[in-house]
Amino acid sequence: MTARIIDGKTIAQELRAEWKVRVDALKARGITPGLAVIIVGEDPASKVYVGNKVKACAEIGLYSEHIALPADTQETTLLAKIAELNVNPAIHGLLIQLPLPNHIDSHKVLEAISPNKDVDGFHPMNVGALVTGTTLFPPCTPSGTMKLLEKMGIEIEGKHAVVVGRSNIVGKPMALMLLHNSATVTICTSKTMNLGKYTRDADILVVATGKPHMITGDMIKPGAVVIDIGINRLPNGKLVGDVDFESATEVAGYITPVPGGVGPMTITMLMANTIEAAEREEKQE
Ligand code: GUN
């Protein structure tokens, strides 16, 4: 069997065209949705991600502010900047790129973001509301994954979904979203003993560990849906996921490529959350 490729790039483009209609409608009513992205320090991967976010926003007509602060920025300076953006009417969404330098308490920083502008969905209020199914903003990578499953017509109800990875950004919210859709969910980590025992039982396997080629074809149930959220740069410069694509594609029913699978969906959902924030604010005026 050769797996069907889940083409995140094309699906993301189609969705962005839909989002643009909403942006144009808001603009016609005098509102330009605005996103502020703060990056602290010089992490090369983070710089690329942030650049991509800002560029993608411009493409569909969103206003964006890219705030680059030096690595030695004091926590108080960052908190003051967040407080300022929280009340800036041109900004509907505010995102702090992670990871932050070690001397800054990222929990404290995420808690300082207004939950109404927390388009990453990382504020504890939004995280808590995700547990109860009432979050204002679903975190972008897992919600992008759910959107891919929906667009591919993949049933979730009653399936066994195995999530490998337990980060706050991906693994935990991913497991909750699958659970909300009535999957039976198992959460594994990169340290799970006999990982293959669990992954081989997955109808839907979502991998987000940051370990290149961790999941090989022999760890996949024939016909399973394999979602690879990893993005790793090998010493030779090649970008690969956490799944060994060559062997996995022989066994899986569906698979996301890296790049071009989940990646483009993350930014697409960030745009959706920012537009949603602006639409909500308009309703409250
Ligand atoms: N770092 C890695 N992924 C993300 C993300 O989705 N949002 C933010 N803010 N930082 C990240």
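Residues numbered from 1 in each chain as written. Predicted model: local features only at pLDDT ≥ 70, side-chain atom pairs only at ≥ 80, totals over all residues. Heavy atoms only, no water.

Helices and strands together make up the secondary structure of the chain, namely 10 helices and 11 strands. In terms of C-alpha radius of gyration, the chain reaches 19 Å, essentially the compact-globule figure of 19 Å for 285 residues. Oriented by its inertia axes, the alpha-carbon framework of the chain measures out at about 50 × 40 × 40 Å. The buried share of the chain, taken over its 285 residues, is 52%. In the chain, once contacts between residues fewer than 6 apart in sequence are set aside, the share between residues at least 24 apart is 70%. Only carbon and sulfur atoms are counted for the fraction: they give 55% of the accessible area of the chain, which is about 13,000 Å². Between the mean site of the 27 positive side-chain charges and the mean site of the 31 negative ones, the chain shows a separation of 1 Å. (Helix = DSSP H or I, 4+ residues; strand = E, 2+ residues; numbered from the N terminus. Rg over C-alpha atoms; globule rule 2.2 N^0.38 Å. Buried < 20%, exposed > 50% of the residue type's maximum accessible area, 1.4 Å probe, protein only. Contact = heavy atoms within 4.5 Å. Areas by Shrake-Rupley, 256 points an atom, 1.4 Å probe, with all protein chains shown as cover. Lys, Arg positive; Asp, Glu negative; His and termini not counted. Charge placed at Lys NZ, Arg CZ, Asp CG, Glu CD.)

Running from N to C, helix 1 (residues 8-28) and helix 10 (residues 263-284) cross one another at 20°; their axes reach a closest spacing of 9 Å. If you check the angle between helix 1 and helix 10, you find them roughly parallel. Two packed elements cross with a definite hand, and for helix 1 against helix 10 that hand is left-handed. Contact with helix 1, carried on its side by Gly 8, Lys 9, Ile 11, Ala 12, Leu 15, Arg 16, Trp 19, Arg 22, Val 23 and Leu 26, involves Pro 264, Met 265, Ile 267, Thr 268, Met 269, Met 271, Ala 272, Ile 275, Glu 276, Ala 278, Glu 279 and Glu 282 of helix 10 and no other residues of that element. The residue makeup of the contact of helix 1 with helix 10, split by class, is 14 nonpolar, 2 polar and 6 charged. (Axes fitted to C-alpha atoms, helices over the stretch in contact; angles between N-to-C directions. Parallel < 35°, antiparallel > 145°, perpendicular 65-115°, else oblique. Left-handed = near helix turned anticlockwise from the far one by under 90°. Nonpolar A, V, L, I, M, F, W, Y, C, P; charged D, E, K, R; others polar.)

Overall, parallel pairing links the 3 strands, which are arranged 3-2-4 in an open sheet. In this open sheet, the two strands that pair with only one neighbour each are strand 3 (63-69) and strand 4 (93-96). Averaged over all pairs of adjacent strands, the angle between strand axes in this sheet comes to 15°, irrespective of strand direction. For strand 2 (residues 34-40) and strand 3, the ladder comprises 7 bridges, and the chain directions are parallel. Bridging across to strand 3, Ile 38 finds its partner in Ile 67. Of the strands in this sheet, strand 2, strand 3 and strand 4 touch helix 2 (residues 44-59), which is tilted by about 170° from strand 2. (Pairing = 2+ DSSP bridges.)

With that settled, the discussion passes to the UniProt feature "domain: Tetrahydrofolate dehydrogenase/cyclohydrolase catalytic" (unreviewed entry) in the chain. UniProt feature "domain: Tetrahydrofolate dehydrogenase/cyclohydrolase catalytic" (unreviewed entry): in the numbering of this structure it lies at residues 6-120. For the annotated span residues 6-120, helix accounts for 49% and strand for 16% of the residues, and the straight-line distance between the end C-alpha atoms is 24 Å. (UniProt positions renumbered as here; feature names shortened; annotations may be inferred.)

The positions UniProt marks with the feature "binding site: NADP(+)" (unreviewed entry) are Gly 165, Arg 166, Ser 167 and Ile 231. Along the polypeptide, Gly 165 turns up in the loop between strand 5 (160-164) and helix 7 (171-180). Excluding anything up to four places from it in sequence, Gly 165 contacts Gly 171, Ile 187, Cys 188, Thr 189, Ala 208 and Thr 209. Summarising the element assignment, Arg 166 is placed in the loop between strand 5 and helix 7. Those residues within four positions of Arg 166 in sequence are excluded, and the remaining contacts are Gly 171, Lys 172, Ile 187, Cys 188 and Thr 189.

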